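# Analysis of the macromolecular model
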Amino acid sequence: MMIRNRIYLRLFIVSASLFYGFFLSTQVASSASGGLIWEQNSNPGNDENIAWDVAIDSTDVYIAGGVTDRIGGVPNTKWRIEKRSINNGSLQWEYMIDIQPIGSGKYEEAKAIAVDGTGVYIGGTDGGGNALIEKRSLFDPSILLWSSTRVHSGWSNNKVIDIALNSGEVYTVGSYYDGSQMVDFTERFSSVNGSLIDSVTDRLPIDGELTGIVAYNSNIYKSGLGGTDFSNLSPYIIAPSWSKKSDYSTMSGPWLHRYGIAVDSTGVYINTDKTIEKYSLADGILNWTYITSSSVPSNNYYNIAIDSSGVYVVGHNNAVGDSQIVIEKHSKDTGELVGGMLSNPGSGTDVGFGITLDAGGIYVVGMTASQWRMEKRELLNVPPIASFTVTPPSGTTITVFNVDASGSSDPETPLADLEVRWDWENDGTWDTGWSLTKTNSYTYSTAGLKTIKMEVKDTDGEIDSTTRTVTVNEAFIDCGLRVDDGTGIVKFACEPDGTLTSPLRVHKNGTTYGAILVNTTDPLASKVRIKTPAGVKALRKY
């Protein structure tokens, strides 16, 4: 009987011509932020070395993967974990396990990693057909706190693919071969001693495999794949009160690494090799699907992470003829692509397999030219787009011009959280401070073509600006009224006949004008004072 194994991506031989317009084939982002904070390559084996997963705490980064030495032409893959400084990526410790005999050609790989204040949890396969989960010391990885080797139904290719921690318990998901097909499993262990609490299967369709698990609000959410045959697979999402099969079907071929999953109060997010999907947290209704370009068959996603500002995916892209790590950020509301970058640390195959986030940055692990690859980057932030209206578009020196910046937008920051400020003359001096209020108004004291400048700022401090012009005409005329105020002859401003609002009137040659009264502090106030029911006013100079 021939046993089929799901073979994970180990070689990319692809070609494509499409290239994303916003990408640069360098190690830094072309969108705002995303700059490289630190990078580390590790080459512990003389053959293929892959970092599969990453986890962080407040001070350190934890990485799990496999290291392959080729001995006498036979690959020998070992289970490997590392701990690195979150600040600069410096190595704190490393640990490798070689369970199977050297030269056996078995793959022992750590596929998943998680961390809490009591230890590091690692899951994968022991190379002997068994799933393996361990808990080790945070400070000395040689100290094994507990270990569990799992075999399902006595069959082969048992492997843990992802881990989640929840309320003192450890959840693992993965798959095994039952003699005819792959079967998914979910297992729950005590985080204290590793004792098995329960083991279940969701029985996804043919070649079913659970590849992602996450805990949210003490509930467990899982992602995986299954289908009618080995080359026609679809994503599945399993939540506490609902489960869904995606309409998306994978491209033929078993080169998927993981259908990742991420959850917060806004929804359930999964990635496939070609899509990102969002489902309602309550009932699993599909909110949106983003499909990467079908013109780039080599552009694959391998994992997903979210923060309050967006959805991040990591994978690889070969659109420029050189396989590179791709990191993208998408809108949580629409799935729209809002930013991204390519990382090309080596001349060979560069792939990102694991991703996680915190307020300090993006952490990505994978491989570069058969070496372990680890990098930390600034969080991606796309600047806002400034836009405002002004009404009316023209007027006089007594017109109130109303401005409204509600048309400004930002893919990550809600409109209510965008701040704006105004420069009424575009003279470089801001006439207002930053404000969440998007509307304002202004009246010009002089005529002319006026330029209004507005700046908008998002919650990450990114700024955009725009300008609009208005035509301001003189509202008043020289009606011939003159007075010597002690400094010389002063002209006074008047309203023309037919538009009288001033209580002080001037009659000349059969025409009535309104003499304009202003506050005594007005820049155009003369020294002539008039007592009115509203207080002492001044005649306005023309």
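Bear in mind the structure is a predicted one, so any value in this text is a computation, not a measurement.

Rules of the game
Residues numbered from 1 in each chain as written. Predicted model: local features only at pLDDT ≥ 70, side-chain atom pairs only at ≥ 80, totals over all residues. Heavy atoms only, no water. Helix = DSSP H or I, 4+ residues; strand = E, 2+ residues; numbered from the N terminus. Contact = heavy atoms within 4.5 Å. Areas by Shrake-Rupley, 256 points an atom, 1.4 Å probe, with all protein chains shown as cover. Phe/Tyr/Trp six-rings, centres within 6.5 Å; stacked < 30°, edge-to-face > 60°. Buried < 20%, exposed > 50% of the residue type's maximum accessible area, 1.4 Å probe, protein only. Lys NZ or Arg CZ within 6 Å of the ring centre and 35° of its normal. Pairing = 2+ DSSP bridges. Axes fitted to C-alpha atoms, helices over the stretch in contact; angles between N-to-C directions. Disulfide = S-S within 2.5 Å. Salt bridge = Lys/Arg side-chain N within 4 Å of Asp/Glu carboxyl O. Polar contact = N/O pair within 3.5 Å; in protein donor to acceptor, adjacent residues only side chain to side chain.

## Focus: the overall build of the protein chain
Along the backbone of the protein chain there are zero helices and 42 strands. Across the protein chain, every contact between residues at least 6 apart in sequence was considered, and the portion connecting residues at least 24 apart equals 51%. As displayed, the protein chain has an accessible area near 21900 Å², and 50% of this comes from carbon and sulfur atoms.

## Details of the packing of aromatic side chains
The full count for this structure, using the stated rule, is 13 aromatic pairs. On the numbers, 5.1 Å between centres and 65° between planes, the contact of Tyr302 with Phe353 is edge-to-face. One end of the pair, Tyr302, is in strand 22 (residues 300-307); the other, Phe353, is in strand 26 (residues 350-358), with 51 residues separating them in the sequence. Accessibility classification places Tyr302 together with Phe353 in one group, the buried group. When the centroid spacing of 5.8 Å and the interplanar angle of 70° are considered together, the rings of Phe401 and Tyr444 count as edge-to-face. With a gap of 43 residues between them, Phe401 in strand 31 (residues 401-404) and Tyr444 in the loop between strand 33 (439-442) and strand 34 (448-457) connect regions that are remote in the sequence. Residue classification places Tyr444 among the buried residues on the basis of a relative accessible area of 1%. Members of the aromatic cluster, connected to one another through ring pairs, are Phe388, Phe401, Trp422, Trp424, Tyr442 and Tyr444. Taking NZ or CZ as reference, Arg80 lies 4.9 Å from the ring centre of Trp372, over its face. Of note, Lys111 hangs over the ring of Trp52, and the distance from its end group to the ring centre comes to 3.7 Å.

## Observations concerning the sheet that holds strand 39 (residues 511-515)
Taken together, four strands build an open sheet; the order of strands is 36-37-39-38 and the sheet is antiparallel. Where the open sheet ends on each side, the last strands, each with one partner, are strand 36 (477-484) and strand 38 (505-508). Taken pair by pair, the neighbouring strands of this sheet meet at an average axis angle of 45°, ignoring direction. Taken together, the four bridges between strand 38 and strand 39 define a ladder with antiparallel strand orientation. Its bridge partner being in strand 39, Val506 is matched across the sheet by Tyr513.

## Let's talk about the state of the cysteines
Enumeration over the complete set of coordinates arrives at one disulfide. Sulfur-sulfur distance for the disulfide between Cys479 and Cys494 comes to 2.1 Å. One end of the pair, Cys479, is in strand 36; the other, Cys494, is in strand 37 (residues 489-495), with 15 residues separating them in the sequence. Both residues of the pair, Cys479 and Cys494, count as buried.

## Observations regarding the pattern of salt bridges
Counted under the stated rule, the structure contains 18 salt bridges. With a shortest N-O distance of 2.4 Å, Asp264 and Lys332 are connected by a salt bridge. Placement of the pair is Asp264 in strand 18 (residues 261-264) and Lys332 in the loop between strand 24 (324-330) and strand 25 (337-343), with a sequence separation of 68 residues. With relative accessibility at 15%, the residue Asp264 sits in the buried group. Judged by its relative accessible area of 8%, Lys332 falls in the buried class.

## Things to note about the environment of Glu277
With respect to the secondary-structure elements, Glu277 resides in strand 20 (residues 275-279). With a relative accessible area of 1%, Glu277 lands in the buried category. Each C-alpha atom, one on Glu277 and one on Gly267, is 10.0 Å from the other, the two residues being ten residues apart in sequence. Apart from residues lying up to four places away in sequence, Glu277 is in contact with Ser246, Tyr248, Val268, Tyr269, Ile270, Leu286, Trp288 and Thr289. A polar contact is formed between the side chain of Glu277 and the side chain of Ser246, at a distance of 2.7 Å. A distance of 2.5 Å separates the side chain of Glu277 from the side chain of Tyr279, its partner in a polar contact.

## Description of the sheet that holds strand 28 (residues 371-377)
Strand order across the open sheet formed by four strands is 1-28-27-26, with antiparallel pairing between neighbours. Every interior strand has two partners, whereas the edge strands, strand 1 (36-42) and strand 26, have only one. Shown here is a sheet whose adjacent strand axes are inclined to one another by a mean of 15°, direction ignored. Relative to strand 27 (residues 361-368), strand 26 is paired through eight bridges, and the arrangement is antiparallel.

## Describing unusual backbone geometry
Cis geometry marks the peptide bond from Thr391 to Pro392, where omega comes out at -10°. Its place among the elements puts Pro392 in the loop between strand 29 (389-391) and strand 30 (394-396). One non-glycine residue with positive phi stands out, namely Ser167, at about 50°. Counting through the fold element by element, Ser167 comes out in the loop between strand 10 (159-166) and strand 11 (169-177). Backbone geometry places Asn509, a non-glycine residue, at a positive phi of 50°. Considering the arrangement of structural elements, one finds Asn509 in the loop between strand 38 and strand 39.

## A word on the side chain of Lys159
Position of Lys159 among the secondary structure elements: in strand 10. Accessibility expressed as a relative area gives 4% for Lys159, which makes it buried. A distance of 3.4 Å separates a polar atom in the side chain of Lys159 from a polar atom in the side chain of Glu209.

Any functional reading would require information that these geometric values do not contain.
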